[in-house]
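Residues per chain are reported as follows:
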Amino acid sequence: MSLNALNTSTAGLQVTQAAIGLVSQNVANSGTAGYVKRVLTPVSTLGNAGVATGTISRTLDAVSLKQLRLETAGASYTGLSAKVQGQLDALYGTPGSSSALDGVMNSFTQSLQALTSDPTSAASRATAVSGARTVATTISGIAQGVQDLRTGLESQLGGDVAAASALLSKVAGLNGKIAGASTSDPGTADLLDQRDQAINTLSQYLDVQVSDQRDGSVTLLTASGATLVDHTAAASLSFDGRGTLSAEAQYSADASTRGVGTVTATTPAGARIDLVATGAIRSGSIAAAVSLRDDTLVQAQRQLDDLASGLSRAASDRPATGSAVSDNGLTGFDIDLTGLQAGNAVTLGVRNAAGVGRNLILMPTNGAAPDPIDPALTDDPTALVVPVDISGGSSTFAGEIGAVLGTGFSVTATPGGAAGAVRILSDPASLALTGASASVTVPTSASDTKTGSGQFALFVDAGAGNGVFTGSFEGGSHLTGFAQRLAVNPAVSADSSTLVNYSGTTASGDTARPQALVDALTSGTRTFSATSGIGGVSAPRVTTVVGFAQSVVDARGAASAEAQQLDEGQSIALASAQSRFAKESGVSVDEEMSRLIQLQTAYSANARVLTAARDMLDTLLRI
C-alpha cells in the first residue's frame with residue numbers, strides 16, 4: 001500500500017507541476033497576440049491507480065474566432081475605402097474655397113459675366129482667359145490625381161497578393177506539422193496558435209472560409225468556394241500588375257483588352273482561376289483595392305470627363321431640337337443636323353405599342369468607330385447605339401440614317417430645310433417617335449474662332465493636337481481621359497479678343513458671345529450620363545455645367561463621409577469581436593492566479609501524501 005501511495009502521489013506531483021507550468025505560460029503570454037489559453041486535462045491510469053498528464057488543449061471559442069475573422073476582413077475593406085475616399089475628396093479642395101473645383105468654376109463664370117459688362121476691356125478678357133485656364137488645369141490636375149490613386153492601389157495589390165500567397169503556404173506547412181503532432185505535446189498548441197494567427201492575418205487581405213478536418217488540418221476556401229488550402233497543398237496567388245495606370249487602363253475579363261492587373265490563383269494541380277473575374281474575393285484589403293481601382297475611381301474619372309466634355313461642348317455646340325411633324329399617318333420630327341460631326345450623338349426617343357419607351361442613339365462616325373459602341377460611354381447607358389457613317393457630308397445624312405434605322409421608319413431630307421436637315425417619321429401605332437435632339441459642334445477647327453455665331457472652341461483636346469472635342473469614337477472613345485487633356489484653345493490664349501469677336505464684322509462692344517458663354521454654362525442644360533453616378537440609370541442628370549460641377553463636388557463629399565461612417569461602424573464591430581474572443585479564449589490573469597492557488601494546495605496535499613508514504617515505508621523497514 002505504501003508503494004502504491006508513493007507512486008500515486010508522485011504522479012500527482014508531476015501532473016500538478018505540469019499544470020502549474022501551464023498556468024505560468026498562460027500568465028506570461030497574457031498580452032501575446034493570438035495566444036489562446038491552455039488547459040491541462042489529466043487522465044486516470046489503469047485501474048484508477050494514479051494519474052497522468054493526458055492532453056493539453058486550448059480554450060478556443062470557434063464561433064467568436066469565425067466572427068473575428070469576418071470583422072477583420074470587413075475592417076480592412078472599409079478602412080482602405082475610407083482612406084482612399086478621403087484622399088479623393090481632398091483632390092477637389094475644400095468646398096467653397098477659391099482653389100476648390102466649385103470655386104474656380106464660379107470665378108470663371110463671374111469673369112465671363114464681368115466681360116459682358118465691358119467686352120472692350122483687355123483686362124476683363126485676360127481675366128476670363130486666365131479663369132478658363134485655371135478651370136482646365138484644376139480639372140486635369142484632379143483627374144491626374146485620380147489616376148495616381150489607381151496606380152497606388154495597383155502597387156498595393158501586388159504587395160497584398162504576395163503577402164496573402166505566403167500566408168497560404170504557411171498555413172499548409174503548419175497543417176502538415178499539426179496533423180502528425182500529439183495532443184499531449186505542448187508544442188502542438190503553439191502550432192495551432194501560429195496557424196490561427198496566420199489565418200487571422202490572411203483575413204486582412206481576403207475573406208476565407210475555414211473548415212476543420214479530422215486529422216487536425218484545415219481547409220481554406222474563398223467565398224465562392226474555390227479551394228486555397230487543402231491539407232498540405234496551397235494555391236499560389238499572383239498579380240500581373242501594370243505599373244502606372246491611365247484613364248484608358250480598365251479591367252476586363254478579356255485578358256487581351258484588360259489594362260490593369262488581376263489576381264490569379266494557381267492550384268497545386270495547375271489550374272488557374274481569375275479571382276477577380278469570378279468574384280471570389282468579396283472582403284479584405286484586396287477586394288477593397290479592386291473595387292476602388294475598377295469602380296469608385298473609374299466613376300470619378302468619368303465624372304471629370306463628363307464635366308470636361310460639358311465645358312468644351314457648352315462653348316462649341318449648338319443645340320438641335322426636333323420639331324414635331326406628321327405626314328400620311330406617320331408622325332415624327334424635323335431636325336437640323338447641318339454641320340454634324342463624328343461623335344455628335346442624335347438621340348431619338350421611341351415608344352413601342354406596349355407603351356415601353358427607350359432611347360435610340362444615332363452615333364455619327366467617319367467609318368473608324370468600333371461597332372458596337374458601348375452605350376455606357378454615351379449619355380444613356382440603357383440606349384441602343386447605332387453607328388451612322390457621315391463621311392459623305394450633309395447631303396447623305398437622310399440616306400445613311402434611313403439605312404441604319406431600316407423598315408418602320410421613313411427618313412427624308414426636310415422639305416425646304418438646310419442641307420443637313422432631316423425628317424424622321426414612324427407609324428405611331430407600332431413604334432412612336434417621342435423626341436429628337438442633338439448637340440452639333442459648330443467649329444471644325446480650333447483655329448476657327450470667327451464662326452459667325454456665339455459657338456467656338458474655347459476648350460480643346462490637348463492630347464489630339466489641340467483639336468476640337470466632339471465626343472468622337474474614331475479610334476476609340478475620345479471622352480475617356482479627356483479631363484486630363486482639357487486645355488484652353490491656344491488661339492484664344494494668344495488673342496483674348498476672340499472671346500468677343502465672332503465674325504469679321506463684330507461691332508465693338510458686342511456682348512453676344514460673352515453672354516452666350518455665360519448662358520451656356522449657367523442656364524443652358526445638358527444631359528450628363530448616368531454612368532457618372534450623378535443621377536440615376538433611369539434618370540440621368542440634366543443640369544447646367546456649373547450645376548454638374550457642384551453635383552460632382554457634393555457627391556464626392558457625401559461618398560467620403562459615408563465611407564468614413566461605415567469604417568467607424570466596422571471598427572466598433574471589430575473591437576466587439578476582439579473583446580468577445582479575448583473573453584472566451586484569452587488569458588484572464590485573475591482566473592489564472594485563482595487556479596494557481598488551487599494547484600498549490602493540490603501540490604501540498606500530494607507532497608503530504610508522499611511524506612506519509614515514505615514515513616510508513618521507513619517504519620516497515622525498521623521492524
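So, here's what we can say about the structure. What you see is a predicted model; the values in this text were computed from it and never measured.

### Some remarks on the nonpolar core
Counting 84 residues, the largest nonpolar core has Leu101, Ile139, Leu220, Leu311, Leu458, Phe459 and Leu499 as the members making the most contacts within it. The greatest single-element share of this core, amounting to 18 residues, is contributed by helix α4 (residues 122-179). In contact with Leu220, other than residues within four places in its own chain, are Leu168, Val171, Ile199, Leu202, Gln209, Val210, Ala226, Thr227, Leu228 and Val229. Residues Phe333, Phe397, Phe409 and Val440 belong to the second largest nonpolar core, which totals 25 residues.

### Some words on the packing of α4 against helix α6 (residues 284-316)
Two elements in contact, α4 and α6, have axes whose closest approach is 9 Å; the angle formed by their N-to-C orientations is 165 degrees. With respect to α6, the axis of α4 lies roughly antiparallel. Between α4 and α6 lies a crossing whose hand is left-handed. A breakdown of the residues in the contact of α4 with α6 according to their chemical character gives 20 nonpolar, four polar and five charged.

### Some details on empty space enclosed by the protein
On inspection of all chains with the given rule, the structure shows one cavity of 30 Å³ or more. In this structure, the largest cavity encloses a volume near 40 Å³. Of the residues that constitute the lining of the largest cavity, the class distribution is eight nonpolar, no polar and no charged.

### Quick look at the layout of surface pockets
The calculated volume of the largest pocket comes to roughly 1100 Å³. Forming the walls of the largest pocket are 46 residues, and the residues nearest its centre are Asp379, Ala438, Ser439, Arg526 and Thr527. Contributing elements (two or more residues each) for the lining of the largest pocket: α6, β10 (317-321), β14 (357-365), β18 (431-441), α10 (512-522), β21 (526-528) and β23 (539-543). Ranked by the residues each element gives to the lining of the largest pocket, the list is headed by α6, at seven residues. The residue inventory of the lining of the largest pocket, partitioned by class, reads 19 nonpolar, 18 polar and nine charged. If you go around the second largest pocket, you meet 25 residues; those closest to its centre are Gln250, Val298, Asp374, Leu377 and Thr480. Grouping the amino acids of the lining of the second largest pocket by side-chain chemistry returns ten nonpolar, nine polar and six charged.

### Regarding α6
Taking 1.5 Å per residue as the helical rise, α6 with its 33 residues ought to reach 48 Å, and the 46 Å between its terminal C-alpha atoms agrees with that figure. Along its length, α6 shows its largest kink, about 40 degrees, at Leu292. Most of α6 is tucked away, with 31 of its 33 residues classed as buried.

### Observations regarding helix α3 (residues 101-117)
Across its 17 residues, α3 extends 25 Å between first and last C-alpha, which sits within 8% of the 24 Å expected from 1.5 Å per residue. Along α3, the positions that sit buried rather than exposed are Leu101, Asp102, Gly103, Val104, Met105, Phe108, Thr109, Ser111, Leu112, Leu115 and Thr116.

### Looking at the environment of Gly176
The topology assignment puts Gly176 in helix α4. The partly exposed category is assigned to Gly176, whose relative accessible area is 35%. In this structure the C-alpha to C-alpha distance between Gly176 and His231, which are 55 residues apart in sequence, comes to 6.9 Å.

### Comments concerning the sheet that holds strand β3 (residues 208-212)
The antiparallel open sheet is built from four strands, whose spatial order is β3-β4-β5-β6. The open sheet is flanked by β3 and β6 (233-234), the only strands paired with a single partner. Where strand β5 (residues 227-230) and β6 come together, two bridges link them in antiparallel fashion. When the sheet's bridge partners are listed, Asp230 is paired in β6 with Ala233.

### Structural notes on the packing of aromatic side chains
One pass over the full model with this rule turns up three aromatic pairs. When the ring of Phe108 is compared with that of Phe459, the centres are 6.1 Å apart and the planes differ by 80 degrees; the resulting orientation is edge-to-face. One end of the pair, Phe108, is in helix α3; the other, Phe459, is in strand β19 (residues 459-461), and 351 residues separate them in sequence. In this structure, Phe108 and Phe459 share a single accessibility class: buried. Each ring, one from Phe469 and one from Phe482, has its centre 4.0 Å from the other, and the planes form 10 degrees; the classification is stacked. Highlighted residues: Phe469 in the loop between β19 and α8 (482-485) and Phe482 in helix α8, separated in sequence by 13 residues. Of the two residues, Phe469 and Phe482, both sit in the buried class.

Rules and cut-offs
- Residues numbered from 1 in each chain as written.
- Predicted model: local features only at pLDDT ≥ 70, side-chain atom pairs only at ≥ 80, totals over all residues.
- Heavy atoms only, no water.
- Core = buried A, V, L, I, M, F, W, Y, C linked by side-chain atoms within 4.5 Å.
- Buried < 20%, exposed > 50% of the residue type's maximum accessible area, 1.4 Å probe, protein only.
- Helix = DSSP H or I, 4+ residues; strand = E, 2+ residues; numbered from the N terminus.
- Contact = heavy atoms within 4.5 Å.
- Axes fitted to C-alpha atoms, helices over the stretch in contact; angles between N-to-C directions.
- Parallel < 35°, antiparallel > 145°, perpendicular 65-115°, else oblique.
- Left-handed = near helix turned anticlockwise from the far one by under 90°.
- Nonpolar A, V, L, I, M, F, W, Y, C, P; charged D, E, K, R; others polar.
- 1 Å grid on protein atoms, 1.4 Å probe; cavity = no way out; pocket = protein on both sides within 12 Å on 5 of 7 lines; lining within 4 Å.
- Points joined across faces, edges and corners; volume = space filled by probe spheres on them.
- Expected span 1.5 Å × (residues − 1).
- Bend = angle between axes of the 7 residues up to and from the residue.
- Pairing = 2+ DSSP bridges.
- Phe/Tyr/Trp six-rings, centres within 6.5 Å; stacked < 30°, edge-to-face > 60°.

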